[in-house]
Amino acid sequence: MFDLKGKVALVTGASRGLGWTMARSLGQAGATVVLNARDAAALEARRAELAAHGVAAEVAAFDVSDETAVAQWVKRIGEAHGRLDIVVANAGIQHRSPITEFATADFKRVVDTNLTAVWMLAREAARIMIPAKRGRIVVTGSISAIAARPTISAYIASKGAVHALTRELAVELAKHGITVNAIAPGYFATEMNTALIE
């Protein structure tokens, strides 16, 4: 459908689920893919899988909610390749609990991963993309942010905020040749949705 040869793409949450599928697709389109998640061994297995099919991939194992790690890794990727063309901010977590039993710490943990991490990734990517006058940032939102369901208040709040953040970033970064878009997937049979599927 399109050719991404010569492009460098960072995909967070890339060891499984939608992140892995998106990373694989970008690689198959010709991009050099930097796979991110917390589990280095799982990422290395995915990198080897891509390499077996002739796809250039690298591993960047870090926690997207760790501000220092995000800044260091995004800068490192940009310096190593002289560019960062695509960021897919996909990493996310879920926590299910009735509102009356939902711990504040769990709410903050979900928001840190699903929202704050996206903002930090966009900030660090923009520092590379703005001077280059080009870039693509794609954020994984959720249909849940539009069509709510019970027991996932933190997830819905974080994804709703991600949709709003995407609109703001799109307006702010457009003049620099950077596009920012969100996708809002429905329910896929991934690890995150195991409890729901069951």
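Every value quoted in this text rests on a predicted model; they were computed, and no experiment measured them. (Residues numbered from 1 in each chain as written. Predicted model: local features only at pLDDT ≥ 70, side-chain atom pairs only at ≥ 80, totals over all residues. Heavy atoms only, no water.)

**A look at the overall build of the chain**
The line we're drawing: Segments assigned H or I by DSSP are reported as helices when at least four residues long, segments assigned E as strands when at least two residues long, and all are numbered from the N terminus. Should any heavy atoms of two residues lie within 4.5 Å, those residues are counted as being in contact. Throughout, the Shrake-Rupley method with a 1.4 Å probe supplies accessible areas, and for residues the shown protein chains are the sole cover considered. Under this rule, positive means Lys or Arg and negative means Asp or Glu; His and the chain ends count for nothing. Here the site of a charge means NZ on Lys, CZ on Arg, CG on Asp, or CD on Glu.
Within the chain, the secondary structure is distributed over six helices and six strands. When the helices and strands of the chain are placed in sequence order, the string is β-α-β-α-β-α-β-α-β-α-β-α. In the chain, once contacts between residues fewer than 6 apart in sequence are set aside, the share between residues at least 24 apart is 68%. Total accessible area computed for the chain in this model is approximately 9900 Å², and 55% of it derives from carbon and sulfur atoms. With 22 positive and 18 negative side-chain charges, the chain shows a spacing of 6 Å between the two charge centroids.

**Re the sheet that holds strand β1 (residues 8-11)**
Note: strands within a sheet are paired through backbone hydrogen bonds, in either parallel or antiparallel orientation. Put simply, the rule reads: Pairing between two strands is assigned when DSSP locates at least 2 bridges connecting them. Every axis in this analysis is a line fitted to C-alpha atoms, fitted for helices over the stretch in contact. Angles between the N-to-C directions lie between 0 and 180 degrees.
The strand order across the open sheet built from six strands is β3-β2-β1-β4-β5-β6, with neighbouring strands paired in parallel fashion. Across the chains shown, the open sheet's two edge strands, defined by having one partner strand only, are β3 (57-61) and β6 (178-183). Averaged over all neighbouring strand pairs, the angle between strand axes comes to 15°, with direction disregarded. The pairing of strand β2 (residues 32-37) with β3 spans five bridges and is classified as parallel. The residue of β3 that forms the bridge with Val 34 is Glu 58. Against the sheet, helix α2 (residues 40-51) makes contact with β2 and β3, and its axis sits at roughly 175° relative to β3, the strand it touches most.

**Some points on the nonpolar core**
Stated formally: For this analysis, a nonpolar core means a set of buried residues of the types Ala, Val, Leu, Ile, Met, Phe, Trp, Tyr and Cys, connected via side-chain atoms within 4.5 Å. Relative accessibility decides the category of a residue: with a 1.4 Å probe and only protein chains considered, values under 20% of the type maximum give buried, values over 50% give exposed, and everything between is partly exposed.
Ranked by internal contacts, the top residues of the largest apolar core, which has 31 residues, are Leu 10, Phe 62, Leu 84, Leu 121 and Ile 137. If you list the elements that add at least two residues to this core, you get β1, α3 (67-81), β4 (86-89), α4 (104-132), β5 (135-140), α5 (153-173) and β6. Here this core gets eight residues from one element, more than from any other, and that element is α4. Leave out the neighbours within four places in its chain, and Leu 121 touches Leu 10, Thr 12, Val 64, Val 70, Val 74 and Ala 89.

**A look at the pattern of salt bridges**
Put simply, the test is: Should a side-chain nitrogen of Lys or Arg be within 4 Å of a carboxyl oxygen of Asp or Glu, the pair is scored as a salt bridge.
Applying the stated rule across the entire model yields eight salt bridges. The partner of Glu 124 in a salt bridge is Arg 123, with the nearest N and O atoms 2.9 Å apart. What makes Glu 124 buried here is its relative accessible area of 9%. It is possible to trace a salt-bridge network through shared partners that takes in Glu 67, Arg 123, Glu 124 and Arg 127.

**Structural notes on the packing of α3 against α4**
Cut-off, in case you're wondering: The labels follow the angle: roughly parallel below 35 degrees, roughly antiparallel above 145, roughly perpendicular from 65 to 115, and oblique for the rest. Handedness of each helix crossing follows the sense of rotation of the near helix against the far helix: counterclockwise by less than a right angle gives left-handed, clockwise gives right-handed.
Relative to each other, α3 and α4 sit at 30°, their axes nearing to 9 Å. When the axis of α3 is compared with that of α4, the two are roughly parallel. Here the hand of the crossing between α3 and α4 comes out right-handed. Here Glu 67, Val 70, Ala 71, Val 74, Lys 75 and Gly 78 of α3 come into contact with α4, specifically with Met 120, Leu 121, Arg 123, Glu 124, Ala 125 and Ile 128.

**What to know about α2**
The test is simple: Here a helix's expected span is defined as the number of its residues, less one, multiplied by 1.5 Å. N or O atoms closer than or at 3.5 Å make up a polar contact, with two conditions inside protein: a donor-capable atom paired with an acceptor-capable one, and, for residues adjacent in sequence, both atoms drawn from side chains.
With 12 residues, α2 should cover 16 Å at 1.5 Å per step; its first-to-last C-alpha distance of 16 Å lies within 8% of that length. Where α2 starts, the residue carrying a side-chain oxygen 3.1 Å from the main-chain nitrogen of Ala 41 turns out to be Asp 39.

**Regarding the pairing of β2**
Inclusion rule: We call a crossover right-handed when, viewed with both strands directed away from the observer, the connection leading from the first strand over the helix to the second proceeds clockwise.
Judged by how many residues are buried, β2 sits mostly within the fold: five of six residues are covered. Pairing between β1 and β2: four bridges, direction parallel. For Ala 9, the partnering residue across the bridge sits in β2 and is Val 33. For the crossover from β1 across helix α1 (residues 17-28) to β2, the handedness is right-handed.

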